[in-house]
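# Results of the structural survey
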Amino acid sequence: MTHTIKVPIMADLSQQGTKPEYLYWVGCAGAFDDRYQKVARAFVKILHHLGVSYAILGKEETCNGDPARRAGNEMLFHMQAAQVVQLLTRYEVKKMITTCPHCFNIFLNEYPDVGWRGEVIHHSQFLQQMIDEGKLKVPKDMFNNQKVVFHDPCYLGRGNNIYDAPRQVIDALETDRVEMPRNKSFALCCGAGGAQMFKEAEPGSKEVYAERTEEALATNAGIIATACPFCMTMLTDGIKYKNKEEEVKNLDIAEMIASSLGL
Amino acid sequence: MAKQLIFLFVLLITLGVFAWTMSRIFSFFNLTKSAFPVRNIGKRINITLKVAIGQSKILRWPFTGLLHALVFWGFMVITFGSFEMVIDGLAGTERVLGTFGIVYDIIIGSGDVFAAIVLIAILVFLARRLFLSIGRFKGEEIKTISKIDANIALTMILLLMVSLLGMNIGYVALHGNNQIGVYPVSQWLAGYITSGMTIYGANIFHEVNWWAHILLIFIFANILPYSKHFHVFTSIPNVFLSRLEPLGYLPNMGNVMNEVKLMMNPEAANVEAPPISRFGVKDVEDTSWKNYADALACTECGRCTAVCPAAITGKKLSPRKIFVDLRARMKEKGPGLIKNGIDYSDNKSLIRDYISEEELWACTTCNACAQECPININHPTLILDMRRYLVMEEAAAPAGLNMMFTNIENNGAPWQRGPEERLEWTESLNA
């Protein structure tokens, strides 16, 4: 039975005089990156499956300034932050879910400095909570003990000490989860952080994403799981670069959960 | 009495030189900017116990980590004996703290064992530096002088342990059954070394080692501030002064925030805010006291660079070099700044003359360096402060980033996609 999902928009709800429990901060990648749009879609399907009260900002959402700040443009960051704080204040946002660890980090750790403080949850934490509370029950037969390796996003892992949540989400599915030699706090960056995503890499002997992809491929996992749009771009590029697109998939943990639910 | 006077004289020289060096090094802190208020003392004590005393971060590399931890713990115990030697030297007593009885036995006994352990660990460290080719000990910032520096410090520690054991062996030989304290290793070694010695010989053996040990301590203490091994003094305070926020946090520039608020709404801003003299960090006087403390505490162990994704893939960035450069630049410019005031210029700066733009733009802010640093140095924050200077004062960002800035300014997204497209992904969404 298929039905169309209409993603609730904050402004519409506000006009109707209602307020959702969560704001889902889609982020620029969720909105615009062809590959990550699929993750945003998978995640809202899960939200609907769970009957979570949420909304997105839609056309009102704007960059929270993170890439500008990481690139040294503090001025531009504050111009974006002022707009975002105004939006979040207007809609009285108290709880926010993000699918991007960079958005997660800046809202959680740095927005209190600029005037907004609230509960900020990364989707890996949200999914883990739902699984723990028994609200999200996933059929286990989907992945058939396939080998999965999780790549830690820096701003989730080292940046905020979240290592277990995404792993527990994967472990809710029947997979053979393995680790790369450099994992958790030892994990190697995908190469996209600190605004590297938007510029050419400096000259060197190798691309960072190639180094990390080789490490992931060496585990012989069929699925490289991630929980960050930039990591996804880099590792997908890495898999292509290594000509492994046929054998190895790069999936976000939300996509794994959604597909196990047949969403 | 003569011995006491000589000791007092040597001690005063030692303390005098040390105080002079310290006041010189610490006067440079006056040139630095504020970082954060030192609050949450309880949390700081916890971190110090875990990271400094417990050596939790250096133990992330188990083999060398354990060797270092043993040397560190050994030093803590052995320092008790050094303190006693100063009292003995001044008062003309021998093993005066022996009145503590069993506590003394435990401390001095374990110090004796640790002396042997430290000696072995130092031999391993020296062998690694002299005979093995270890990537971590190389790099543009590791000049020949740094390598000599490391080997001198290790040799001195080696001699310190040899003389400590020698002193204990001599003491055991002299006092036999009525000795104060216990000496498990020296007792055993004495059986080989001093067994054939006369009382007179044993006395000289003890005295030579006693003086050698205390003089080495005095010399070592005065060499350290000029060496990377200054960390013996600075690393514990540096851990205590750790930044407490999660590694992902980047400090806010309140002045810039205020300027933006003033631009957007002249009434909302706090008009009291001091004017901005410089955006970000160009040179040493723009750095914070915490940056400089990090630079003084850095032991150049290279764990940061060994885990840096940019360094691993052959890019120019080495997080260690950032702090080696800061320390060198402060040494170069600091005296001039103190003498001539904060506007002093020698037509050089930390950026470009020491640290290139290429290095700064290679950082992914992944925080692997800060995570790995055994004494909680925070590299990414300083790198970001230098980026802030390059972007806000010189508009010198790489082309791709300028494009990203323009996109954010114009469309509110880092890509050239407008707000009206933000709902595309929600279209025809079926479940």
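A quick note: this is a predicted structure, and the numbers were derived from the prediction, not measured. (Residues numbered from 1 in each chain as written. Chains lettered and ligands numbered in written order. Predicted model: local features only at pLDDT ≥ 70, side-chain atom pairs only at ≥ 80, totals over all residues. Heavy atoms only, no water.)

To continue, consider the overall build of chain B. Check the secondary structure of chain B and you find 18 helices and 0 strands. On the principal axes, the C-alpha backbone points of chain B span a range of 95 × 60 × 40 Å. Relative to its full complement of 431 residues, chain B shows a buried share of 52%. A separation threshold of at least 6 residues defines the contact pool for chain B, and within that pool the share at least 24 residues apart is 75%. For chain B, the accessible surface area stands at approximately 19,400 Å², while carbon and sulfur atoms represent 65% of it. (Helix = DSSP H or I, 4+ residues; strand = E, 2+ residues; numbered from the N terminus. Buried < 20%, exposed > 50% of the residue type's maximum accessible area, 1.4 Å probe, protein only. Contact = heavy atoms within 4.5 Å. Areas by Shrake-Rupley, 256 points an atom, 1.4 Å probe, with all protein chains shown as cover.)

Across its full length, chain A carries 11 helices and 8 strands. For 263 residues, the compact-globule estimate of 2.2 N^0.38 gives 18 Å, and the C-alpha radius of gyration of chain A, at 18 Å, lies within 12% of that figure. Viewed in the frame of its principal axes, chain A has a C-alpha envelope of about 50 × 50 × 30 Å. Residues classed as buried in chain A amount to 65% of the 263 residues present. Counting contacts in chain A only where the partners sit at least 6 residues apart, residues at least 24 apart contribute 78% of the total. In the form shown here, chain A has an accessible surface area of approximately 9,700 Å², with 46% of it arising from carbon and sulfur atoms. Across chain A, 29 positive and 33 negative side-chain charges occur, with their mean positions spaced 2 Å apart. (Rg over C-alpha atoms; globule rule 2.2 N^0.38 Å. Lys, Arg positive; Asp, Glu negative; His and termini not counted. Charge placed at Lys NZ, Arg CZ, Asp CG, Glu CD.)

Here we take up the packing of aromatic side chains. Residue and element names in this part refer to chain B. Applying the stated criterion across every chain, the model contains 24 aromatic pairs over all chains. An angle of 50 degrees between the planes, with centres 5.7 Å apart, marks the rings of Phe7 and Trp210 as tilted. Taken together, the residues Phe7 in helix H1 (residues 2-27) and Trp210 in helix H7 (residues 199-223) connect sequence positions 203 residues apart. Trp210 shares its class with Phe7; the two are buried. Seen in terms of ring centroids, Phe230 and Phe233 are 6.2 Å apart; in terms of plane orientation they differ by 75 degrees. Their pairing is edge-to-face. Note on Phe230: relative accessible area 1%, which makes it buried. (Phe/Tyr/Trp six-rings, centres within 6.5 Å; stacked < 30°, edge-to-face > 60°.)

Attention shifts here to the packing of H1 of chain B against helix H3 (residues 62-91) of chain B. Residues and elements named next belong to chain B. Direction vectors running N to C along H1 and H3 enclose 130 degrees, while the axes themselves pass 7 Å from each other. By the angle between their directions, the pair H1 and H3 is classed as oblique. Only Met85, Val86, Gly89, Leu90 and Ala91 of H3 make contact with H1, whose side of the interface consists of Gln4, Phe7, Leu8 and Leu11. A per-class count over the contact of H1 with H3 returns 7 nonpolar, 2 polar and no charged. (Axes fitted to C-alpha atoms, helices over the stretch in contact; angles between N-to-C directions. Parallel < 35°, antiparallel > 145°, perpendicular 65-115°, else oblique. Nonpolar A, V, L, I, M, F, W, Y, C, P; charged D, E, K, R; others polar.)

Another point: the interface of chain A and chain B. Between chain A and chain B, the contact holds 75 residues from the first and 63 residues from the second. With both chains or domains summed, chain A and chain B bury close to 6,000 Å², and 66% of this area falls on carbon and sulfur atoms. Three residues, Phe32, Arg158 and Phe198 of chain A, lead the burial of chain A against chain B; their summed loss comes to 12% of the area buried on that side. Linking chain A with chain B are 2 salt bridges, by the criterion used here. We note a salt bridge from Arg388 of chain B to Glu74 of chain A, for which the minimum N-O separation is 2.9 Å. (Buried area = accessible area lost by both parts, 1.4 Å probe. Salt bridge = Lys/Arg side-chain N within 4 Å of Asp/Glu carboxyl O.)

Our focus in this paragraph is the sheet that holds strand E7 (residues 223-226) of chain A. Residues and elements named next belong to chain A. Spatially, E6-E5-E7-E8 is the arrangement adopted by the 4 strands of the open sheet, whose pairing is parallel. In the strand order of this sheet, the two ends are held by strand E6 (175-178) and strand E8 (249-252), each with one partner. The sheet shows a mean angle of 35 degrees between the axes of neighbouring strands, taken without regard to direction. Pairing of strand E5 (residues 146-150) with E6, which is carried by 4 bridges, proceeds in the parallel orientation. Across the sheet, Gln146 pairs through a bridge with Thr175, a residue of E6. (Pairing = 2+ DSSP bridges.)

Considering the arrangement of structural elements, one finds Asn168 of chain B in helix H5 (residues 144-175). Not counting residues within four places of it along the chain, the set of residues in contact with Asn168 of chain B comprises Arg95, Asp112, Tyr183 and Ser186 of chain B.

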